[in-house]
Each structure stands twice: as structure tokens, then as C-alpha cells.
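Here is what each chain is made of, one letter per residue.
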Amino acid sequence: CLRSLHIHHRCEPRHRYQSSDDRLDIILFDSEMGVDIDLDIALAHPWSSNIFPTSSDVNGAAAKRREVRKHAKYGKHTLPGGSPIKMVPLVMEHFGRWGEEA
């Protein structure tokens with residue numbers, strides 16, 4: 001789908017971050033924002049035992065928690081040479097709610 005739209009990308013690249021062996025899902029290169037955008041896709045279940053007390057009172061709490069964890073995992077990184085990277089967690093809750101950053 002991205003290729004047919006002529007969007008320069010790479011799926012599941014390894015060794016993107018020097019300090020981590022973690023693998024992102026998609027990189028969009030040289031976006032209109034002037035930076036590469038790293039996408040990490042995740043699914044969050046609002047009924048899981050570690051989030052349920054909060055998610056029963058706050059809409060989108062499970063997605064927000066997963067977004068926070070993704071940012072903590074990848075932190076703020078730059079490419080060799082100092083070019084900025086924007087990491088966007090694409091999080092969806094099990095019942096269809098998207099995370100705020102998606």
C-alpha cells in the first residue's frame with residue numbers, strides 16, 4: 001500500500017537505534033515534516049489486569065499507557081550525523097479505540 005503511494009519506507013528494520021536491538025515496524029523516510037517517522041504498532045487490551053481499574057474509568061487509558069511505554073522504550077534518538085527521528089506509536093485498543101498519537 002505505501003509503495004503504491006510512492007512513500008519511501010522500510011518494514012521491520014533492524015539496528016535503527018544504536019543503543020537498542022529493538023525493531024520498529026515501519027520507517028517512513030524524509031516525510032513532509034522534514035524528519036524520518038518511525039512507526040511502532042501495538043494492540044492494548046483495556047480489560048488486562050494491570051490496566052483495568054484505570055481503563056474502566058478513563059476512555060483510552062490502555063492505549064495511552066502503551067504509548068507511554070513505547071516512548072520510554074525508544075526514548076529520544078537521532079540518526080548518526082544528528083538527523084532527528086520522530087517515533088509515533090500506532091496503538092489501538094482491542095475494541096477499536098485508537099491511541100491519541102495514531
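The structure presented is a predicted model; accordingly, all values stated were derived computationally and were not measured. (Residues numbered from 1 in each chain as written. Predicted model: local features only at pLDDT ≥ 70, side-chain atom pairs only at ≥ 80, totals over all residues. Heavy atoms only, no water.)

A. Representation of the confidence of the model for the protein chain in the model. Looking at the protein chain, pLDDT values average 78 and 71% of them are 70 or higher. Considering each helix and strand of the protein chain separately, the mean pLDDT is smallest for helix α1 (residues 52-55), with a value of 60, and largest for strand β4 (residues 85-93), with 88. (pLDDT = per-residue confidence, 0-100. Helix = DSSP H or I, 4+ residues; strand = E, 2+ residues; numbered from the N terminus.)

B. Geometry of the side chain of Glu-67. By the secondary structure assignment, Glu-67 is in helix α2 (residues 61-74). We note that Glu-67 is buried and unpaired, the nearest opposite charge coming from Lys-64 at a distance of 4.1 Å. Not counting chain neighbours up to four residues away, the residues in contact with Glu-67 comprise Pro-89, Val-91, Gly-99, Glu-100, Glu-101 and Ala-102. (Buried < 20%, exposed > 50% of the residue type's maximum accessible area, 1.4 Å probe, protein only. Lys, Arg positive; Asp, Glu negative; His and termini not counted. Salt bridge = Lys/Arg side-chain N within 4 Å of Asp/Glu carboxyl O. Contact = heavy atoms within 4.5 Å.)

C. A look at the sheet that holds β4. Within the open sheet, the four strands sit side by side as β1-β2-β3-β4. Their pairing is mixed. Looking at which strands have only one partner, the edges of the open sheet turn out to be β1 (9-11) and β4. The mean inter-strand angle of the sheet, taken between neighbouring strand axes irrespective of direction, is 20 degrees. Here nine bridges tie strand β3 (residues 36-44) to β4, and the two strands are oriented parallel to one another. Residue pairing across strands places Ala-42 opposite Val-91, the latter belonging to β4. On top of the sheet, α2 reaches β3 and β4; it is set at about 150 degrees to β4, its chief contact. (Pairing = 2+ DSSP bridges. Axes fitted to C-alpha atoms, helices over the stretch in contact; angles between N-to-C directions.)

D. Representation of the pattern of salt bridges. The full count for this structure, using the stated rule, is one salt bridge. Between Asp-40 and Lys-70 there is a salt bridge, with its nearest N and O atoms 2.5 Å apart. On the criterion of sequence distance, the pair formed by Asp-40 in strand β3 and Lys-70 in helix α2 is long-range, its members being 30 residues apart. For the pair Asp-40 and Lys-70, one class covers both residues: buried.

E. Local environment of α2. For α2, built from 14 residues, the straight-helix expectation of 20 Å at 1.5 Å per residue is met to within 8% by its first-to-last C-alpha distance of 20 Å. Within the sequence span of α2, burial applies to Ala-61, Ala-62, Ala-63, Glu-67, Lys-70 and Tyr-74. Gly-75 sits one or two residues past α2 and shows a positive phi near 60 degrees. (Expected span 1.5 Å × (residues − 1).)

F. Molecular detail of the environment of Asp-25. Within the secondary structure, Asp-25 is located in the loop between β1 and β2 (26-28). For the pair Asp-25 and Ala-42, spaced 17 residues apart in sequence, the C-alpha separation works out to 9.5 Å. Setting aside anything within four residues of it in sequence, one finds Asp-25 in contact with Arg-10, Cys-11, Glu-12, Pro-13, Leu-39, Asp-40 and Ile-41. Looking at Asp-25, its side chain comes within polar contact range of the main-chain nitrogen of Ile-41, at 2.6 Å. (Polar contact = N/O pair within 3.5 Å; in protein donor to acceptor, adjacent residues only side chain to side chain.)

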